[in-house]
Amino acid sequence: MPTVNICFHGIGTPRRELEPDEDGYWISRDLMLRVLDRVAERSDVRLSFDDGNASDAEIALPALQERGLTATFFVLAGRLDHPGSLTRDDVRRLHTSGMKIGSHGMWHRPWRGIDAATAEQELVAARAMLSDITRAPVQDAALPLGRYDRRLLARLRALDYSSVHTSDRRRARTDSWVQPRYSIRRSDTVNSVEGDVLRAPRLPARAKGALAGTLKRLR
């Protein structure tokens, strides 16, 4: 069965300065709760949270626990302990609560086209920081801004990441190394999530999405 990967970013009111266009990915607590309620009984849905916002621990974690759900939290290591972002203690609490911790890099800059020194910081050092905090391997990565190409994927494979999560807005094969995700946006409603994300896409849409992903991996 195909997997539907749903990705959240910020929940509620931001407590830090946002990057350009980031506000469109901050959603209300009510919308997040309603989406969680809608997917709570669906075994084909996997959840993730990007960027390491403080709302991950303050709002998302209790909501997940109330519903018996788990998620992967892709954390920006460089923002830890900054205002509006997760603290190191928050990351430990997420981990000990049964959530998975993944890497989103150090500073939320695109990984496509980065030089060797930046790759060392973003792909290696950030991962090592999170592993030191949780005292557990960090095996999964999410691509900042969703940008990638075959060179980047080769780098991540060489570093033995178990999975790489994109923003390609299509369904994934459960066992695939590359995992496309649907980001929930401020403009969404429960009805739009139902129609655009949870309902099985028609064949033309599936073919278009698969082609887009293939072209990114080949470029």
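These notes cover the structure that comes with them.

The rules behind these values
- Residues numbered from 1 in each chain as written.
- Predicted model: local features only at pLDDT ≥ 70, side-chain atom pairs only at ≥ 80, totals over all residues.
- Heavy atoms only, no water.
- Helix = DSSP H or I, 4+ residues; strand = E, 2+ residues; numbered from the N terminus.
- Contact = heavy atoms within 4.5 Å.
- Buried < 20%, exposed > 50% of the residue type's maximum accessible area, 1.4 Å probe, protein only.
- Right-handed = clockwise from strand over helix to strand, strands pointing away.
- Pairing = 2+ DSSP bridges.
- Arc of directions from axis to C-beta.
- Phe/Tyr/Trp six-rings, centres within 6.5 Å; stacked < 30°, edge-to-face > 60°.

### Digging into the side chain of Asp188
Item 1. Looking at the element boundaries, Asp188 is found in the loop between strand 10 (182-183) and helix 6 (190-198).
Item 2. Setting aside residues up to four positions removed in sequence, Asp188 forms contacts with Leu31, Ser183 and Val193.

### Focus on the environment of Ser167
Item 1. Inspection of the secondary structure assignment puts Ser167 in the loop between strand 8 (163-165) and strand 9 (178-179).
Item 2. Residue Ser167 is classed as partly exposed on the basis of its relative accessible area, which comes to 31%.
Item 3. Ser167 sits 14 residues away from Arg181 along the chain, and the two C-alpha atoms are 5.0 Å apart.
Item 4. Residues within four places of Ser167 in sequence aside, it is in contact with Gly146 and Arg181.

### Observations concerning the pairing of strand 5 (residues 72-75)
In regular strands, side chains alternate between the two faces of the sheet.
Item 1. Taking every second residue as pointing to the same face, both faces of strand 5 are buried, with Thr72 and Phe74 on one and Phe73 and Val75 on the other.
Item 2. Each parallel crossover has a hand, and the one from strand 4 (residues 45-50) via helix 2 (residues 55-66) to strand 5 is right-handed.
Item 3. Pairing geometry for strand 5 and strand 6 (residues 100-103), over four bridges, is parallel. Note that in strand 6 the partner of Val75 across the bridge is Ser103.
Item 4. Crossover connection from strand 5 via helix 3 (residues 88-96) to parallel strand 6: handedness right-handed.

### Re the side chain of Thr72
Item 1. As for its placement among the helices and strands, Thr72 is situated in strand 5.
Item 2. Assessed through its relative accessible area of 14%, Thr72 is described here as buried.
Item 3. Setting aside chain neighbours within four positions, we find Thr72 in contact with Leu47, Ser48, Phe49, Lys100 and Gly102.

### Description of helix 3
Item 1. Residues Asp90, Val91 and Leu94 constitute the buried set of helix 3. End-on view of helix 3: buried residues confined to an arc of 100 degrees, all on one side of the axis. Opposite the buried face of helix 3, at more than 90 degrees from it, the exposed residues are Asp89 and Thr96.
Item 2. For helix 3, the elements touching its buried residues are helix 2, strand 5, strand 6 and helix 4 (116-134).
Item 3. Gly98 sits one or two residues past helix 3 and shows a positive phi near 95 degrees.

### Re the packing of aromatic side chains
Item 1. The final tally for this structure, using the stated rule, is two aromatic pairs.
Item 2. Plain terms: the ring middles of Phe8 and Phe49 are 5.0 Å apart, the flat faces sit at 25 degrees to each other, and that makes the pair stacked. Taken together, the residues span a long stretch of sequence, with Phe8 in strand 1 (residues 4-8) and Phe49 in strand 4 at a distance of 41 residues.
Item 3. Classification of Phe8 by relative accessible area gives buried; the value is 0%.
Item 4. Measuring from ring centre to ring centre gives 4.9 Å for Phe49 and Phe73, while their planes differ by 10 degrees; the resulting arrangement is stacked.

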